Amino acid sequence: MSRQTAPQTEEPDQAGSPMTLTADRPAAETAPAERPAKARRRGQSSPLATVLSHGTLIVASLVALFPVLYIAYISLGPDDNDYLHPAKIFDKMTFANYTKVMNDTGFYTWFGNSAIVAGGTTVIGVLIAASTGYAVSRMRFPGYRQLMWTLLVTQMFPIAVLIVPMYYILSNLGMLDSYTGLILVYSSTTVPYCAWLLKGYFDTIPMEIDEAGRVDGLSPIGTFWRLILPLARPGLAVAAFYSFLTAWGEVAYASTFMLSSDKYTLAVGLSSFVSEHDHQWQLMAATSVLIALPAAVVFYLVQRHLVTGLTAGAAKS
Amino acid sequence: MAVAVAQRIRLSYSKYWYAYAMIAPVVIVLGVLVGYPLVRGVYLTLTNATSLNVGRQIGVNHIPDSFDFIGLDNYADVLWGPTAYDRFWSHFIWTVAWTAICVVLHYGIGLGLALLLNRKMRGRGLYRLVLILPWAVPTFVTVFSWRLMLADGGAVNGLLSFLHLPEPAWLSDPLAQKAAAILVNTWVGVPFMMISLLGGLQSIPQELYEAAEMDGASPWQRFRHVTLPGLRTVSSTVVLLGVIWTFNQFAVIFLLFGSGAPDAQILVTWAYRLGFGQQPSDYAQSATYGILLLSILIVFTTFYRRWLARNEKANG
């Protein structure tokens, strides 16, 4: 009924709807809000519902933000017991914890190590996951089902049980205490999920594009590299984000496989520093913020791809 | 005949060559770093290896393995041996409860928020950004922050006392420990579900809603008969991943309680404790737990997928 009263508003929505499959409708996001309330249509709601949903989202956002802000706030307190009396920190806020942590430790070395390891894991992990994802998305070959099943089962492996045998292998291969070893270990944990995710994303890219590439004389690998990868950017962004995050904050593997202190990653080095200064929780808070910041930067860079990248990955498996 | 076979081999070689070349790196990495440890893990479960009798290097001397092959005794001991309830079954029950509660909370809250975020409203992009944030915080940092907040004088109890509610000792009372672990893991896990489901919601064709509305379907009916079926594929995947990840959620419980809190240990952390948290380390038992864990997940996944396939058929 209401649709007849407002024929001119029909248009933006129609233009928006084909996009819903690929992007998350940036155009339709703000426009409908300006419509007069009388001609309310689906997707718009009564003022009460709007207030309620804003209320719920605000509460949820506060819950999501609070632990992060809290630890940042605690890190500004100079004394050991400040975390017990958060209100007192307000008057004596200082960055002393940060300067102490950064000057008294191998912060810059560790930061460099973490960047190498996390960056390496991201690049290598995403590349090999993408080529596997492409193969299982486009080609049927003997062993296909076994491979898919293996990718799923690999995620079920309890980390705790793998550490000791992995240690043996790395020491036999001479890869203990080396960036390569740790990068490969991290890749083995991130690749199964990334390959699954990317397979789903590749499935949404029409086969015709591959065929066009083949007709123009590209090899399957050339098609993959020149045509499909550039189209799969949202999926790749999510996979990269997941890989980076896994490698960046990980402690258990890194502390077992990196033996000398100049090879420590940031998380391992800083937690060893903090455990030497037992119960200096304000230092721990400052280190946590320092570890979280680069992850936040990466998150900010990829966040607009997250919804589209994951959609496709989860929708077809 | 021979020519035909050779030709077929050559054909399959040229046909599958690219596929095998593209999966080779993953197969090699997983084979070496996951396949071999699995084989060795299975072998260890059939022995009585501990940190005292495995081969090791002391200085320049290499001490060889001196543990024995004992068959399936480890499994029998873990499942039926004396105090098997305290060692295995109590953790098993808690692990199942933990997985079920966490996944239900992740999915329920995630779906609720995704539905809200899928409406046209002001500030949607900002809400979305903030709500995904917990996913981007390294677990190590998250758990530390929650420990500060859950400590006796921390922010959580501050809020509870402000509301005149009881203030449990989150990090020392056994029941409160479990609640705390679930709380933290829920905070960690909701963003992934929310984003995946939001993606799923956005891929449901608008025409279906319009058609349902034309037919006079109420909002609830639209949710029940358009939204939920539209989310079926996404849901089945994220629930499966959620179950696997939560079942093996090592970091949250380990970092939250360390080796304290025996009651709140799920099977993974308990296995780790047997292998590394005590002297002498019991590698064989630890590996046995690991293999049992893996078997439980494989059985679950097999049934789950069969159930999905049957549903798919029933629903067309």
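Residues numbered from 1 in each chain as written. Chains lettered and ligands numbered in written order. Predicted model: local features only at pLDDT ≥ 70, side-chain atom pairs only at ≥ 80, totals over all residues. Heavy atoms only, no water.

Under an unreviewed UniProt entry, the name given to chain B is ABC transporter permease, and the organism recorded is Kitasatospora phosalacinea. Checking UniProt for chain B, the heading Subcellular location (unreviewed entry) contains the comment "Cell membrane". Taken from UniProt, the Sequence similarities (unreviewed entry) comment for chain B reads in full: "Belongs to the binding-protein-dependent transport system permease family." (UniProt positions renumbered as here; feature names shortened; annotations may be inferred.)

The name given to chain A in an unreviewed UniProt entry is ABC transporter permease, with the source organism recorded as Kitasatospora phosalacinea. Heading Sequence similarities (unreviewed entry) of the UniProt record for chain A holds this comment: "Belongs to the binding-protein-dependent transport system permease family. MalFG subfamily." Of chain A, the UniProt comment under Subcellular location (unreviewed entry) reads exactly: "Cell membrane".

With that settled, the discussion passes to the interface of chain A and chain B. The partner chain B presents 93 residues to the 100 residues of chain A that form the contact. For the pair chain A and chain B, the two sides together bury roughly 9100 Å², of which 75% comes from carbon and sulfur. At the junction of chain A and chain B, the tally comes to 0 salt bridges. Remark: the boundary between chain A and chain B carries 7 residue pairs in polar contact (both at pLDDT 80 or more). Considering every element that reaches the side of chain A that touches chain B, the biggest residue donor is helix H4 (residues 47-74) of chain A, with 18 residues. (Contact = heavy atoms within 4.5 Å. Buried area = accessible area lost by both parts, 1.4 Å probe. Salt bridge = Lys/Arg side-chain N within 4 Å of Asp/Glu carboxyl O. Polar contact = N/O pair within 3.5 Å; in protein donor to acceptor, adjacent residues only side chain to side chain. Helix = DSSP H or I, 4+ residues; strand = E, 2+ residues; numbered from the N terminus.)

What follows deals with the packing of aromatic side chains. Residues and elements named next belong to chain B. Going through the model one piece at a time under the given rule, you end up with 35 aromatic pairs over all chains. Plain terms: the ring middles of Phe88 and Tyr289 are 5.8 Å apart, the flat faces sit at 50° to each other, and that makes the pair tilted. Residue Phe88 is located in helix H3 (residues 84-117), and its partner Tyr289 is located in helix H13 (residues 283-314); the two are separated by 201 residues in the primary sequence. Exposure class is identical for Phe88 and Tyr289. Each is buried. (Phe/Tyr/Trp six-rings, centres within 6.5 Å; stacked < 30°, edge-to-face > 60°. Buried < 20%, exposed > 50% of the residue type's maximum accessible area, 1.4 Å probe, protein only.)

Let us look at empty space enclosed by the protein. With a probe scaled to a water molecule rolled over the atoms, the places where space remains empty come into view. This model, assessed by the stated rule, comprises 3 cavities of 30 Å³ or more. Contributing to the lining of the largest cavity are 12 residues, with Val161, Val164 and Pro165 of chain A together with Tyr283 and Ser286 of chain B lying nearest its centre. Those elements that provide at least two residues to the lining of the largest cavity are helix H9 (159-172) of chain A together with helix H1 (2-45), helix H12 (267-276) and H13 of chain B. Its residues placed into classes, the lining of the largest cavity shows 9 nonpolar, 3 polar and no charged. (1 Å grid on protein atoms, 1.4 Å probe; cavity = no way out; pocket = protein on both sides within 12 Å on 5 of 7 lines; lining within 4 Å. Points joined across faces, edges and corners; volume = space filled by probe spheres on them. Nonpolar A, V, L, I, M, F, W, Y, C, P; charged D, E, K, R; others polar.)

This brings us to the packing of helix H7 (residues 174-202) of chain B against helix H11 (residues 250-257) of chain B. All names here are of chain B. The interhelical angle for the contact between H7 and H11, taken along N-to-C directions, is 130°, at an axis separation of 10 Å. In terms of their interaxial angle, H7 and H11 are classed as oblique. Remark: the crossing between H7 and H11 carries right-handed chirality. Facing H7, whose interface residues are Gln177, Ala180, Ala181, Val184, Asn185 and Val188, H11 presents Val252, Ile253, Leu256 and Phe257. Residues that form the contact of H7 with H11 fall into these classes: 8 nonpolar, 2 polar and no charged. (Axes fitted to C-alpha atoms, helices over the stretch in contact; angles between N-to-C directions. Parallel < 35°, antiparallel > 145°, perpendicular 65-115°, else oblique. Left-handed = near helix turned anticlockwise from the far one by under 90°.)

It is worth spelling out the environment of Asp203 of chain A at this point. In this structure, Asp203 of chain A sits in helix H10 (residues 179-203). Through-space distance from the C-alpha of Asp203 of chain A to that of Ser137 of chain A is 5.9 Å; in sequence the pair is 66 residues apart.

Attention shifts here to the nonpolar core. The biggest cluster of nonpolar side chains holds 188 residues, and the ones touching the most others in it are Phe141, Phe202, Phe241 and Tyr253 of chain A. Sorting elements by how many residues they give to this core places helix H16 (residues 281-315) of chain A first, with 16 residues. Not counting residues up to four positions away in its chain, the partners in contact with Tyr253 of chain A are Ile159, Leu162, Ile163, Met166, Leu182, Val185, Tyr186 and Thr189 of chain A. If you look at the next biggest cluster of nonpolar residues, it comprises 7 residues, including Leu44, Val54, Tyr283 and Ala287 of chain B. (Core = buried A, V, L, I, M, F, W, Y, C linked by side-chain atoms within 4.5 Å.)

Residues and elements named next belong to chain B. UniProt feature "transmembrane region" (unreviewed entry): in the numbering of this structure it lies at residues 17-39, 92-117, 129-149, 179-201, 238-257 and 283-304. Secondary structure across residues 129-149 divides into 90% helix and 0% strand, with the first and last C-alpha atoms of the span separated by 23 Å. As annotated, residues 238-257 comprises 90% helix and 0% strand, and the C-alpha atoms at either end are separated by 28 Å.

It is worth spelling out helix H4 (residues 124-136) of chain B at this point. If you check H4 of chain B, its first and last C-alpha atoms are 19 Å apart, about what 13 residues at 1.5 Å a residue would give, namely 18 Å. Burial analysis of H4 of chain B places 10 of its 13 residues in the buried class, the great majority of the element. (Expected span 1.5 Å × (residues − 1).)

There is about 1100 Å³ of room inside the second largest pocket. In this structure, the second largest pocket is lined by 29 residues; those nearest its centre are Thr233, Ser236, Leu308, Ala309 and Glu312 of chain B. Among the secondary structure elements, those contributing two or more residues to the lining of the second largest pocket are helix H8 (144-154) and H10 of chain A together with helix H9 (219-230), helix H10 (232-247) and H13 of chain B. In terms of residue class, the lining of the second largest pocket is built from 14 nonpolar, 9 polar and 6 charged.

Here we come to the packing of H8 of chain A against H13 of chain B. Axis separation between H8 of chain A and H13 of chain B bottoms out at 11 Å; the angle between their running directions is 130°. As judged from the angle between their axes, H8 of chain A and H13 of chain B are oblique. H8 of chain A and H13 of chain B meet at a crossing whose hand is right-handed. Mapping the contact onto sequence places Trp149, Leu152 and Val153 of chain A in H8 of chain A and Leu294, Ile298, Thr301, Thr302 and Arg305 of chain B in H13 of chain B.

Turning our attention to the UniProt feature "transmembrane region" (unreviewed entry) in chain A. All names here are of chain A. The sites that carry the UniProt feature "transmembrane region" (unreviewed entry) are, in the present numbering, residues 48-73, 110-136, 148-170, 176-198, 236-261 and 281-302. Summarising residues 110-136: 100% helix, 0% strand, and an end-to-end C-alpha distance of 38 Å. Secondary structure content for residues 281-302 is 100% helix and 0% strand, and the end C-alpha separation is 32 Å.

Moving on to a nonpolar patch on the surface. Residues and elements named next belong to chain A. Residues Val123, Ile124, Leu127 and Trp225 make up a contiguous nonpolar surface patch of about 380 Å² in total accessible area. Looking at which element gives the most residues to the nonpolar patch, the answer is helix H7 (residues 107-138), with 3 residues. With respect to the helices, strands and loops of the structure, Val123 is situated in helix H7. (Patch = residues over 30% accessible without salt bridge, like charges linked within 9 Å, V, L, I, M, F, W, Y side chains within 5 Å. Areas by Shrake-Rupley, 256 points an atom, 1.4 Å probe, with all protein chains shown as cover.)

To continue, consider the side chain of Ser137 of chain A. All names here are of chain A. Along the polypeptide, Ser137 turns up in helix H7. Classification of Ser137 by relative accessible area gives buried; the value is 11%. Polar contacts involving the side chain of Ser137 include one to the side chain of Asp203, which spans 2.8 Å. Setting aside residues no more than four positions away along its own chain, Ser137 makes contact with Lys199, Phe202 and Asp203.

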